[in-house]
Amino acid sequence: MQIRIINAPAPDLLEMLARRVAPGVRKWIEENRVSAIGFVQASVPDLFYFADIAGKSAHVMTVELSGTCPQTTTTLAVLGETASVRAAMDAIAAQGSGF
């Protein structure tokens, strides 16, 4: 599992991200303030597990990024306000450390 957090993402980064998500998520990104993005690279089962943890621990949007290798490894993006993303990522890190 690899974890990264980007605070105050640049507009071009948000455009890059928008190309890798479903249309409904693109709309969410346009309509909501994204002051931080957390990324988790993990196996497919772990991705769903971590998305559930993130959603239950903070007010964030979770989305699987397309364009990765879905057979073995994929990437989860956790979007939202900085404090919420940090809380979600901390919860993921705490649960993921047991793997």
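Refer to the structure above for everything that follows.
This write-up is about the structure you can find in this document. Worth saying up front: this structure is predicted, and the values here are computed from it rather than measured.

### What about the environment of Met1?
- One can find Met1 in the segment before β1 (2–7).
- Residues in contact with Met1, not counting those within four places in the same chain, are Val40, Gln41, Phe50, Ile92 and Gly96.

### Describing unusual backbone geometry
- Of note in the backbone geometry, Ala8 takes a positive phi value of approximately 50° without being a glycine.
- Among the secondary structure elements, Ala8 is positioned in the loop between β1 and α1 (11–18).

### Some remarks on the nonpolar core
- Grouped together as the largest cluster of nonpolar side chains are 17 residues, with contacts concentrated most on Val40, Phe50, Val60, Leu76, Val78 and Ile92.
- Taken together, the elements giving at least two residues each to this core come down to β2 (36–42), α3 (44–57), β4 (74–80) and α4 (82–96).
- Apart from the residues lying within four places of it in its own chain, the contact partners of Ile92 are Met1, Ile3, Val40, Phe50, Ile53, Ala54, Leu76 and Val78.
- Core analysis: the next-biggest nonpolar cluster, separate from the first, contains 11 residues, Leu17, Leu65, Ala77 and Leu79 among them.

### Description of the pattern of salt bridges
- Applying the stated criterion across every chain yields a total of 4 salt bridges.
- The salt bridge partner of Arg33 is Glu81, with a shortest N-O separation of 3.5 Å. Of the two residues, Arg33 is situated in the loop between α2 (23–31) and β2 and Glu81 in the loop between β4 and α4; the sequence distance between them amounts to 48 residues.

### A word on α4
- With 15 residues, α4 extends 21 Å from end C-alpha to end C-alpha; this agrees with the ideal 21 Å at 1.5 Å per step.
- For α4, the complete set of buried residues consists of Ser84, Val85, Ala88, Met89, Ala91, Ile92 and Gly96. Down the axis of α4, the smallest arc covering the buried residues is 155°, so these residues share one side. The exposed residues of α4 that point more than 90 degrees off its buried face are Ala83 and Ala94.
- Along its buried surface, α4 packs onto β1, β2, α3 and β4.

### A closer look at the pairing of β2
- Burial of β2 is extensive: 6 of the 7 residues sit out of reach of the surface.
- Relative to β2, β1 runs antiparallel, the two being bridged by 6 bridges. Counterpart to Asn7 in the pairing with β2 is Ala36.
- Of the pairings in the sheet, the one linking β2 to β4 comprises 7 bridges and is antiparallel in character. Within β4, the position partnered with Ile37 by the bridge is Leu79.

Rules used throughout
Residues numbered from 1 in each chain as written. Predicted model: local features only at pLDDT ≥ 70, side-chain atom pairs only at ≥ 80, totals over all residues. Heavy atoms only, no water. Helix = DSSP H or I, 4+ residues; strand = E, 2+ residues; numbered from the N terminus. Contact = heavy atoms within 4.5 Å. Core = buried A, V, L, I, M, F, W, Y, C linked by side-chain atoms within 4.5 Å. Buried < 20%, exposed > 50% of the residue type's maximum accessible area, 1.4 Å probe, protein only. Salt bridge = Lys/Arg side-chain N within 4 Å of Asp/Glu carboxyl O. Expected span 1.5 Å × (residues − 1). Arc of directions from axis to C-beta. Pairing = 2+ DSSP bridges.

The values reported here are purely geometric and, on their own, carry no functional implication.
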